[in-house]
Amino acid sequence: MTYLEIDEAIVQIARQKYDESKSRLNSIPKENSTERKALQLEHGMYTFCSNAGLLINCIGSREGILQTRTRFLKRTLHKFPSHQAVYRKLNEEEQKCFVAAWQAELFIRDQWLLAQRAELAAAEVSGDAKSVFEFSIKIGAVESMFGSWETWRKEHGVYPHLFKEDEA
């Protein structure tokens, strides 16, 4: 499997989750404000994963976008020792495949997820139910995206099972 095929598969998963959440959101009556709010938050996070992680809406070829994502990965990889160890052993073509399979998730974990988990914990301690609700929905949506990507990686044997508890 080429790095472009891996990229396309990961992008398709993100698009599918985006489309499914949009469809569910559109099916909820406006009177169901709490349910709509939850689905709006979820949909927003799938948009975030697509745009911030995969750079779907960037102008240019996917090859060029993957070059940008490679630069992002190299700035982040030291924070994920098990991933870094694998990446360093790969040849150039395999490294491109690794970037396509893992960069978005590692970037989102580093730049967003850790801080959001801390915010959720603080909201729980303070008893801020509204914030707990919102952080739980957002984190759940992102973790659902990660789960879908991992399922695909396992099914296709593309660098699955790399996370250790201290990196999650």
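Here, every reference points to the structure presented above.
Residues numbered from 1 in each chain as written. Predicted model: local features only at pLDDT ≥ 70, side-chain atom pairs only at ≥ 80, totals over all residues. Heavy atoms only, no water.

**Description of the overall build of the protein**
Counting its secondary structure elements, the protein contains six helices and zero strands. Whereas a compact globule of 168 residues would reach a radius of gyration of roughly 15 Å, the protein reaches 17 Å, a difference of no more than 12%. Each principal axis of the C-alpha atoms in the protein carries an extent, and together these give about 55 × 35 × 30 Å. When burial is assessed residue by residue, the protein has 43% of its 168 residues classed as buried. The contacts in the protein between residues at least 6 apart in sequence include a share of 69% that link residues at least 24 apart. (Helix = DSSP H or I, 4+ residues; strand = E, 2+ residues; numbered from the N terminus. Rg over C-alpha atoms; globule rule 2.2 N^0.38 Å. Buried < 20%, exposed > 50% of the residue type's maximum accessible area, 1.4 Å probe, protein only. Contact = heavy atoms within 4.5 Å.)

**With respect to the packing of aromatic side chains**
Centre distance and the angle of the planes are the two values used to describe a pair of aromatic rings. Following the criterion strictly, the structure yields five aromatic pairs and no others. When the ring of Phe-72 is compared with that of Phe-107, the centres are 5.6 Å apart and the planes differ by 20°; the resulting orientation is stacked. Taken as a pair, Phe-72 in helix α3 (residues 62–76) and Phe-107 in helix α5 (residues 92–126) lie far apart in primary sequence, 35 residues in all. The rings of Tyr-87, Phe-98 and Tyr-159 are connected pair by pair, giving a single aromatic cluster. The ring of Trp-102 is capped by Arg-153, whose NZ or CZ atom sits 3.5 Å from the centre of that ring. (Phe/Tyr/Trp six-rings, centres within 6.5 Å; stacked < 30°, edge-to-face > 60°. Lys NZ or Arg CZ within 6 Å of the ring centre and 35° of its normal.)

**Considerations on the environment of Leu-39**
By secondary structure assignment, the location of Leu-39 is in helix α2 (residues 33–53). Once the C-alpha coordinates of Leu-39 and Lys-130 are considered, the two residues, 91 residues apart in sequence, prove to be 15 Å apart. Residues within four places of Leu-39 in sequence aside, it is in contact with Arg-24, Leu-25 and Ile-28.

**Digging into the nonpolar core**
Burial of nonpolar side chains together is a common tendency in soluble globular proteins. With 42 residues, the main nonpolar core has Ile-6, Leu-54, Phe-98, Trp-149 and Tyr-159 as its most contacted residues. Elements with a contribution of two residues or more to this core: α1 (3–27), α2, α3, α5 and α6 (129–156). With 13 residues, α5 is the single largest residue contributor to this core. (Core = buried A, V, L, I, M, F, W, Y, C linked by side-chain atoms within 4.5 Å.)

**What about α3?**
Spanning 15 residues, α3 covers 20 Å between terminal C-alpha atoms, matching the ideal 21 Å at 1.5 Å per step. When we look at burial in α3, the residues that qualify are Ile-65, Leu-66, Arg-69, Thr-70, Leu-73 and Thr-76. The arc that holds every buried residue of α3, seen down its axis, measures 155°, which confines them to one face. Facing away from the buried surface of α3 by more than 90 degrees, the exposed residues are Gln-67, Lys-74 and Arg-75. Looking at the buried side of α3, the elements it contacts are α1, α2, α4 (81–88) and α5. (Expected span 1.5 Å × (residues − 1). Arc of directions from axis to C-beta.)

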